[in-house]
Amino acid sequence: MIPLAAVLAVPLAAAFLLALIADYRITARINVAASLVAFAGSLVFLFHRPAPGPLFLIDDLNIVFIVLNTFVGFTTSVFSAGYIGHELETGKLTPGYLRFYHTMFQIMLFGMNLALVAANIGLMWVAVELATLSTVMMVGIYRTHEAIEAAWKYFILGSVGIALALFGTILVYLAARPVIGEGSGGMIWTDLLAHAKNFDPALLDTAFVFLLLGYGTKVGLVPMHAWLPDAHAEGPTPISAVLSGLLLNVALYALLRFKILLAACPGAIAPGPLMIALGLVSTLLAALMLYRRRDIKRLFAYSSIEQMGIIVFAFGMAGPLGNLAGLLQMTMHSLTKSAIFFSVGHVAQVKGTQRMAEMGGLTESHPLLGWTLVAGVVAIAGLPPFGIFTSEFLIVSSSFSRAPILATLLVLGLLVAFGALLLRLGSLAFGPVRGPVVPVRASSVPIFAHLALVLLAGLWLPPPLVAWFRHAALLLG
Amino acid sequence: MGLGTMGLGFDIAHMLAGFMVLASFLLLYQDRLTALINVLRLHGFILALAVAWQAHIQAAPALYVSAVIALSVKALVIPGALDRIVDRLGIHRNVETVGGIGPTMLAGMALVALSLRVMLPITAHADPVSRQDIALALSVVLIGLLIMVTRRNAVGQVAGFLSLENGIDLAAAGARGMPLVVELSVAFSVLIAFIVIGIFLFRIRERFDTVDLSALEAFRGERQ
């Protein structure tokens, strides 16, 4: 129970504590400390798992998500501590708002962790909604026109998505009731999965359509993606990092759970083709939209849509290799994209703008920052020696043998995105220096930690990690 | 519940769910904010009745709690608060809608037909009360979505969203034996959501002097 308490109770307690303390230097430290405790707790799960109960469940699949979630949560809290100091100096945020910000940060982590460990599909839904609402509040925190518009759009689209997901959840319960009986048994993963073969397939099909649209909105799949670029661009950068790196994964996790359920019911439709279609459309459209971005945070937000498309495509192709590649791609994307947003946050603070036309020659003016951004973009574009190259290679090669046309379309999307990212990188990192050149004072340690892990994964995947991912991939069927 | 009482119990449940769809149609064509909120109040009230009736025919006392929550939150507190917001912002004027009333109503009818067409065949093996409830609840959800897309006003969109939530509550109540924890949290989340909505309405007002979302859209997308 102790690791569970570290992952759930600590963020919740920290949220209450942070609401009470006014000094932002202290609250930033408490924020980091609480996130570190949660990360340590999640590591304990690797060695010792609590027995599955009616409320909480730790298995091979969600443990990957939990460790990743708490790790990026921790590094983001470190980045955020440096970031907010600058926001306070420039007067973009006031100490009162920071108190609110830190409280919401921990509530968001609590919501995401709860969604990942929940054994009950109703509880999981509540947790996803909690995480969504806390991020809505943070996206609107600057109170500019754009921030309010982004938060409103995110709130409306997110709520509708979440409402559709609840409808799907109720339908799953209806499908389970004749088999499992009334009561909470019909909402618990382990019970659902054990009896899924006797469920009414038609009801389960309809449920999945609602769940795919509902949670798919939160994953950022085209055409339900409209909230994503605005929310990333107008909120504080640490929130952009956790949105891309974590919240999208949590929604994806929910989707994967229901996919497993559907696969266990022989008469139900195959969820794969639906996911492949949405994934491909997301990848291709987002890759094309990358070319017309002028705002640096929007650029990487569209890149997140493209990446989530690839990941959903991989899980849709399924099979041991497809699932393994999907999990690897998801992990690499979380680490890389949050590292990129950390660099982008520093860049935007130095330049005082997010417009790419007003920044340039970063490798010359800020060598450290510039080169980390180069490394991050090279990694996300899928070039060796970084880990995304490995996972994208796995996805493409495993799908080529089974569906050459689909794989070709995916490669097309990858190449289009690759071109757009490198084009932008050219003017951002090299070329004439544009914009202010004040030095960066915030720490770059979180960026290095993430990029080092991504580089390591590209060069050498430790066998225990591969075995671990393989177990999770098997669960996914 | 014995099968003998099935007939009347079923008819009343069916009728109440049907009234909710009707109230959704009323919401669909309201063009004044005060009237819109009044219909929303009616919507919440019918929901409370429908849930209470489900509690009775399912002999599920826990659902009475849900009915009380629906009555207090969705029929009293939220519409009351919306009224106050409209009062304070002084926006009693007409609501601008996208598209005329005729096409919108036709679209609403098509959505009801669609949800009956989708839900009735696939729930053929479920018990008849949940079956009707789910099909009509889906109609309420879809009309709620339609209300949201046909309003250009933030309060109008909120009304659409709340009626959508009511539809989901109806579905949850119709699903026999569904654990109460879910309904409680649904009610809870609506409350939280409403707080968020309230804050945003005031922020939008503060920034734009209007809750008309077309004013907001001038700021969408990338700044040049």
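Conventions we followed
- Sequence order as written defines the numbering, with residues in each chain counted from 1.
- For this description, chains carry letters from A and ligands carry numbers from 1, given in the order in which they are written.
- Where local features are concerned, this predicted model is filtered to residues with pLDDT of at least 70; where side-chain atom pairs are given and counted, the filter is 80 or more; whole-chain, interface and lining totals use all residues.
- The secondary structure listing takes helices from DSSP runs of H or I that are at least 4 residues long and strands from runs of E that are at least 2 residues long, numbered from the N terminus.
- Both definitions apply: the radius of gyration is a C-alpha atom measure, and the globule rule equals 2.2 Å times residues to the power 0.38.
- Any pair of residues counts as being in contact when their C-beta atoms, constructed from backbone geometry, are within 7 Å of one another.
- Counting other C-beta atoms within 10 Å of a residue's C-beta gives its exposure: the residue is buried at 20 or more, exposed at 12 or fewer, and partly exposed in between, where C-beta atoms are placed from the backbone.
- To count as a nonpolar core, a set of buried Ala, Val, Leu, Ile, Met, Phe, Trp, Tyr and Cys residues must be joined through C-beta atoms within 7 Å.
- pLDDT: the predictor's confidence for each residue, scored from 0 to 100.
- One less than the residue count of a helix, multiplied by 1.5 Å, gives the span that helix is expected to have.
- Lines fitted to C-alpha atoms define the axes, with helix axes restricted to the stretch in contact, and inter-axis angles between N-to-C directions lie between 0 and 180 degrees.
- Oblique is the label for every angle not falling under 35 degrees (roughly parallel), over 145 degrees (roughly antiparallel), or within 65 to 115 degrees (roughly perpendicular).
- Crossings are classed by handedness, with left-handed meaning an anticlockwise turn of the near helix from the far one by less than a right angle and right-handed meaning a clockwise turn.
- Under the scheme applied here, ten amino acids are nonpolar (Ala, Val, Leu, Ile, Met, Phe, Trp, Tyr, Cys and Pro), four are charged (Asp, Glu, Lys and Arg), and all others, including Gly, are polar.

Q: Let's hear about the overall build of chain A: which residues, and what values?
A: A tally of helices and strands in chain A yields 19 helices and zero strands. The globule rule puts the C-alpha radius of gyration for 477 residues at 23 Å, and the 21 Å found for chain A is close to it. A principal-axis box enclosing the C-alpha atoms of chain A has dimensions of 65 × 55 × 45 Å. Long-range contacts, defined here as pairs at least 24 residues apart, represent 82% of the contacts in chain A between residues at least 6 apart.

Q: Provide a residue-level description of the overall build of chain B, including the pertinent values.
A: Counting secondary structure elements, chain B contains eight helices and zero strands. In sequence order, the secondary structure elements of chain B are arranged as α-α-α-α-α-α-α-α. Per-residue burial over chain B gives 48% buried out of 224 residues. Relative to all contacts within chain B whose residues are 6 or more apart in sequence, the contacts with residues 24 or more apart total 72%.

Q: How would you explain the nonpolar core if you had to name every residue and give the values?
A: Among the nonpolar cores identified, the biggest contains 255 residues, and A115 and V250 of chain A together with M20 of chain B are the most heavily contacted of them. When residues in this core are grouped by element, the largest group, 23 residues, is from helix α6 (residues 145–180) of chain A. Residues in contact with V250 of chain A, not counting those within four places in the same chain, are M112, A115, L116, V128 and A131 of chain A.

Q: How would you summarise unusual backbone geometry if you had to cite specific residues and measurements?
A: Residue and element names in this part refer to chain A. Residue P223 is reached from V222 by a cis peptide bond, and omega for that bond is 10 degrees. For the bond from P384 to P385, the omega torsion is 5 degrees, close enough to zero to count as cis. Structurally, P385 is set in the loop between α15 (367–380) and α16 (387–400). Here the phi dihedral of A318 falls at roughly 55 degrees; this positive angle occurs in a residue that is not glycine. Note on placement: A318 falls in the loop between α12 (296–317) and α13 (319–351).

Q: Outline the confidence of the model for chain A, listing residues and values.
A: Mean pLDDT for chain A: 90, with 100% of residues reaching 70 or above. Across chain A, element-level confidence peaks in α12 of chain A with a mean pLDDT of 94 and bottoms out in helix α19 (residues 463–476) of chain A with 85.

Q: A description of helix α2 (residues 24–47) of chain A should follow, citing residues and the corresponding values.
A: Residue and element names in this part refer to chain A. Here α2 contains 24 residues, and its C-alpha end-to-end distance of 36 Å stays within 8% of the 34 Å for a straight helix at 1.5 Å per residue. Y24, T27, A28, N31, A34, S35, V37, A38, F39, G41, S42 and F45 are the residues of α2 that are buried. Buried residues in α2 make contact with α1 (2–20), α3 (60–89) and α4 (95–117).

Q: Pulling in residues and values, what's your account of the environment of L145 of chain B?
A: Along the chain, L145 of chain B turns up in helix α5 (residues 128–150). L145 of chain B gets classed as partly exposed once you count the C-beta atoms within 10 Å, which come to 18. The spacing of L145 of chain B and S163 of chain B is 18 residues in sequence and 8.9 Å in space, taken between C-alpha atoms. The contacts of L145 of chain B, once residues within four sequence positions are left out, are V160 of chain A together with L164 of chain B.

Q: Got a sec to walk through the packing of helix α10 (residues 237–263) of chain A against α12 of chain A? Specific residues and values, please.
A: Residue and element names in this part refer to chain A. The interhelical angle for the contact between α10 and α12, taken along N-to-C directions, is 20 degrees, at an axis separation of 11 Å. When the interaxial angle is binned, α10 and α12 end up roughly parallel. Judged by the sense of rotation from one axis to the other, the crossing of α10 with α12 is right-handed. Across from S240, S244, L248, L252 and L256 in α10, the residues of α12 making contact are K297, S304, M308, I311 and F315. Looking at the contact of α10 with α12, its residues break down into six nonpolar, three polar and one charged.

Q: With reference to specific residues and values, describe the environment of G458 of chain A.
A: Residue and element names in this part refer to chain A. With respect to the element layout, G458 can be found in helix α18 (residues 445–459). Each C-alpha atom, one on G458 and one on T390, is 6.0 Å from the other, the two residues being 68 residues apart in sequence. Excluding residues that lie within four positions of it along the chain, G458 makes contacts with P384, P385, F386, G387, F389 and T390.

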